[in-house]
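Structural characterization, general
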There are 2 protein chains.
Amino acid sequence: MFSTDIFAEMVEQKLPSLTESKTPATLFAPIAYTLSGGGKRLRPVLLLAAAKAFGLEPEKAIDQALGIEVFHNFTLLHDDVMDNADVRRGRPAVHRRWNASVAILSGDAMLTMATQLMAKAPESLLPAVMELFNTTAMEVYAGQQLDMDFEDRGDVTVEEYIEMIRLKTSVLLACACRMGALLAGASEESQKAMYRYGELLGLAFQLKDDLLDTYGDPALFGKEIGGDIINEKKTWLWINAMEREPQRMRQVLDKKLTDYLKIREITEIYDSLSLADESRRLIERYTEEAVDALAGTDIPAAAREYFTSLARKAADRAN
Amino acid sequence: MFSTDIFAEMVEQKLPSLTESKTPATLFAPIAYTLSGGGKRLRPVLLLAAAKAFGLEPEKAIDQALGIEVFHNFTLLHDDVMDNADVRRGRPAVHRRWNASVAILSGDAMLTMATQLMAKAPESLLPAVMELFNTTAMEVYAGQQLDMDFEDRGDVTVEEYIEMIRLKTSVLLACACRMGALLAGASEESQKAMYRYGELLGLAFQLKDDLLDTYGDPALFGKEIGGDIINEKKTWLWINAMEREPQRMRQVLDKKLTDYLKIREITEIYDSLSLADESRRLIERYTEEAVDALAGTDIPAAAREYFTSLARKAADRAN
């Protein structure tokens, strides 16, 4: 049976074993803290589901599923230091709970730990597994670098933004989908189709994140609405508004408003351009393209329905 | 021919290719800067020499030699952020020349780049190569964590210190020696003997570093003499003095002296205990044990002479 809850629970059950009774405790305590922070476990769920879709028992892909979750959490840990973020999943970020040195070093250890878990693949698959994982990791860093570069630029285009989120977010979902297929011995064509599915899912996922940050239901979103606007983060909404109404945007920003008024006035510009609707249409387009990509595989109907439903739920989610 | 200069030059020649025309340039510029900083290139030299000793052309081990040098430089880069160090090899540290975020992210990319280079090993050797490299990396982090933990402790023993430098410094030299042997298809026994050689060489190397920091010739050392004493770094000399003359040490430290006088008075305590001589004897012991470990291999006489001479030169060096 394809069940997100069961796949996520498999991962949740195994994560503590990665840090239990490891020494020095001062190195592994922040790793255990990070890995116990919850989250959707979306990447390992995709990896396990993809493995199952191509006929491999999910248990046989659990090491790589854990590896991709450890890698994802490593990137969040180091990103929080770089972004000087105080909170992660409702708890103090590691560099606040401990300090920046602890966050840097435990993150490094998580990257190597993720690589160790990936390397538990069967010998014949190991070159392909390492190639996929390492290439993806380099792309994720490139995405994070572009995101930081964009902070100092006023002329970021929508196209550049999509390429940035593709690298920073999508390729890791794509890697998860392809890794599951690869471990299950899927054909090159199927592996590529699963990669494409994950990549398009990732674009829709990140655009939905951006949309929720401004237009989410405060009761369901889990974070304050408008954080991206307060921080003048160059999201899809922001870049489009800047391209189409640069003067109005500049006027609002020059007023040095309170957070509340800044969110209201910027959102009014977004509204006047119907950007929320346009963003929803783009999310829907990427979602349906992701679903279409599944046609390039020979997975059974039940698997195809699962991945279709997963993509549509991600596009419709409220948090 | 076994020539340190030729091995080092092979590495120096190839390093620039790792970053040339890679994008985004903002991610790779600090990596190129770090890798162009010089240094002894000791780890790749050991790896290439070990490969040659067991009959492999050094050219066939160049990827892993580059990988171990990239890994070593990654650890220095992140250590400099953690230690808040301003200077590395006579130039501003990356987090000073750019900023901490750049240093963290480019370091992450260097760790993955090192893993990619390691993973270029032939498929049949890949599991062993990844196992050796990843295990070593985890030990290096453990050593760095212990080093940081020691900063807050007044009761570090000599035994704990030796274990810390074994992890932080020695295991990477040991990994280099074993990796070369492994790539050349050496027996398990020979691989272990080469690992032991590198490990003992590393202990001698770090103790010599500590000794030079206090007793080096200022004209040859390349850094200011006494930095460890000013920073109250828990080196072999410091820990031994603290164990044997705790009251005299505390008296000097309580005086809040100028750097110059602090160095002079602490060195006087070291002198009264003949710690420099004792340290030299210990360095010599580790060096000769390293040389003895070579007997556990079947390498030809020329190779054995080379590794013997390399260890003795490292113990006798002035910088």
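You'll find the structure just up there.
Residues numbered from 1 in each chain as written. Chains lettered and ligands numbered in written order. Predicted model: local features only at pLDDT ≥ 70, side-chain atom pairs only at ≥ 80, totals over all residues. Heavy atoms only, no water.

**Topic: the side chain of A:Thr169**
Residues and elements named next belong to chain A. Note on placement: Thr169 falls in helix H8 (residues 158-183). Within polar-contact distance, the side chain of Thr169 engages the side chain of Gln206 at 3.2 Å. When neighbours within four sequence positions are excluded, Thr169 is seen to be in contact with Gly202 and Gln206. (Helix = DSSP H or I, 4+ residues; strand = E, 2+ residues; numbered from the N terminus. Polar contact = N/O pair within 3.5 Å; in protein donor to acceptor, adjacent residues only side chain to side chain. Contact = heavy atoms within 4.5 Å.)

**What about the packing of aromatic side chains?**
Across all of its chains, the model carries 20 aromatic pairs over all chains by this definition. Relative to B:Tyr306, the ring of B:Phe7 lies with its centre 6.2 Å away and its plane at 75°, an arrangement referred to as edge-to-face. With B:Phe7 in helix H1 (residues 4-14) and B:Tyr306 in helix H16 (residues 301-316), the pair connects residues that are 299 residues apart, well separated along the chain. A ring pair is formed by B:Phe71 and B:Phe133, whose centres lie 5.4 Å apart and whose planes are at 80°; its orientation type is edge-to-face. Residue B:Phe71 is located in helix H4 (residues 62-83), and its partner B:Phe133 is located in helix H7 (residues 126-151); the two are separated by 62 residues in the primary sequence. Here B:Phe71 falls in the buried class, since its relative accessible area comes to 1%. Counting every residue linked through ring pairs, the aromatic cluster contains A:Phe2, A:Phe7, A:Tyr197, A:Tyr306 and A:Phe307. Just above the ring of A:Tyr286 sits the side chain of A:Arg285; from NZ or CZ to the centre is 5.3 Å. (Phe/Tyr/Trp six-rings, centres within 6.5 Å; stacked < 30°, edge-to-face > 60°. Buried < 20%, exposed > 50% of the residue type's maximum accessible area, 1.4 Å probe, protein only. Lys NZ or Arg CZ within 6 Å of the ring centre and 35° of its normal.)

**A closer look at the relation of the copies chain B and chain A**
Screw-axis analysis of chain B against chain A gives a translation of 0.0 Å along the axis, an RMSD of 0.0 Å, and a rotation angle of 180°. Classification of the inter-copy transformation places it as that of a two-fold axis. Interface residue correspondence from chain B to chain A reaches 100%, placing this contact among same-surface, isologous pairings. (Least-squares fit on C-alpha atoms with pLDDT ≥ 70 in both.)

**Overview of helix H8 (residues 158-183) of chain B**
For an α-helix, the turn length of 3.6 residues means that residues three or four places apart are oriented alike. Residues and elements named next belong to chain B. Across its 26 residues, H8 extends 35 Å between first and last C-alpha, which sits within 8% of the 38 Å expected from 1.5 Å per residue. Along H8, the helix axis deviates most sharply at Ser170, where the bend reaches about 45°. For H8, the buried fraction is high: 21 of the 26 residues fall into the buried class. Gly185 sits one or two positions beyond H8 and adopts a positive phi of about 80°. (Expected span 1.5 Å × (residues − 1). Bend = angle between axes of the 7 residues up to and from the residue.)

**Looking at the environment of B:Arg96**
Residues and elements named next belong to chain B. If you trace the backbone, Arg96 turns up in helix H5 (residues 94-97). Along the chain, Arg96 and Asp80 lie 16 residues apart, while their C-alpha atoms are 9.6 Å from each other. In contact with Arg96, not counting residues within four places along its chain, are Asn84, Ala85 and Asp86. A distance of 2.8 Å separates polar atoms of two side chains, one belonging to Arg96 and the other to Asn84.

**Considerations on the interface of chain B and chain A**
Counting residues at the interface gives 35 residues for chain B and 35 residues for chain A. Between chain B and chain A, the buried area comes to about 3,200 Å², and carbon and sulfur atoms account for 73% of it. At the boundary of chain B and chain A, one finds zero salt bridges. Seen at the junction of chain B and chain A, the total is eight residue pairs in polar contact (both at pLDDT 80 or more). Of all the secondary-structure elements, those providing two or more residues to the side of chain B that touches chain A are helix H2 (25-35), H4, helix H6 (100-118) and H7 of chain B. Top element by residues in the side of chain B that touches chain A is H7(B). It accounts for 14 residues. Class assignment of the residues belonging to the side of chain B that touches chain A gives a composition of 21 nonpolar, eleven polar and three charged. (Buried area = accessible area lost by both parts, 1.4 Å probe. Salt bridge = Lys/Arg side-chain N within 4 Å of Asp/Glu carboxyl O. Nonpolar A, V, L, I, M, F, W, Y, C, P; charged D, E, K, R; others polar.)

**Notes on the nonpolar core**
Judged by nonpolar contacts, the single largest core of 244 residues is most densely connected at A:Tyr197, A:Phe307, B:Tyr197 and B:Phe307. For B:Phe307, the residues in contact, after removing those within four places along its chain, are B:Leu46, B:Ala49, B:Ala50, B:Ala53, B:Met194, B:Tyr197, B:Leu294 and B:Ile299. (Core = buried A, V, L, I, M, F, W, Y, C linked by side-chain atoms within 4.5 Å.)

**Comments concerning the pattern of salt bridges**
Taken as a whole and assessed by the stated rule, the structure comprises 45 salt bridges over all chains. Between B:Glu265 and B:Lys255 there is a salt bridge, with its nearest N and O atoms 2.8 Å apart. Of this pair, B:Glu265 sits in helix H14 (residues 259-272) while B:Lys255 sits in the loop between helix H13 (246-254) and H14, placing them ten residues apart in sequence. For B:Lys255, a relative accessible area of 47% puts it in the partly exposed group. Each member of the salt-bridge network shares a partner with another, and the members are A:Glu163, A:Arg166, A:Arg196 and A:Glu199.

**Some thoughts on the side chain of B:Asp213**
Residues and elements named next belong to chain B. In this structure, Asp213 sits in helix H9 (residues 188-215). The side chain of Asp213 is buried and forms no salt bridge, while Lys223, the nearest opposite charge, is found at 4.7 Å. For Asp213, the side chain forms a polar contact with the main-chain nitrogen of Asp228, separated by 2.8 Å. Among residues more than four places away in sequence, those in contact with Asp213 are Phe221, Ile225, Gly226, Gly227 and Asp228. (Lys, Arg positive; Asp, Glu negative; His and termini not counted.)

**Some remarks on the packing of helix H15 (residues 275-293) of chain A against helix H16 (residues 301-316) of chain A**
Residues and elements named next belong to chain A. Closest axis-to-axis distance for the H15/H16 pair is 9 Å, and the angle between their directions is 170°. The angle between H15 and H16 places the two elements in the roughly antiparallel class. The segment H15 lies against H16, with Ile283, Thr287, Glu288 and Val291 engaging Thr308, Ala311, Arg312 and Ala315. Broken down by class, the residue content of the contact of H15 with H16 amounts to four nonpolar, two polar and two charged. (Axes fitted to C-alpha atoms, helices over the stretch in contact; angles between N-to-C directions. Parallel < 35°, antiparallel > 145°, perpendicular 65-115°, else oblique.)

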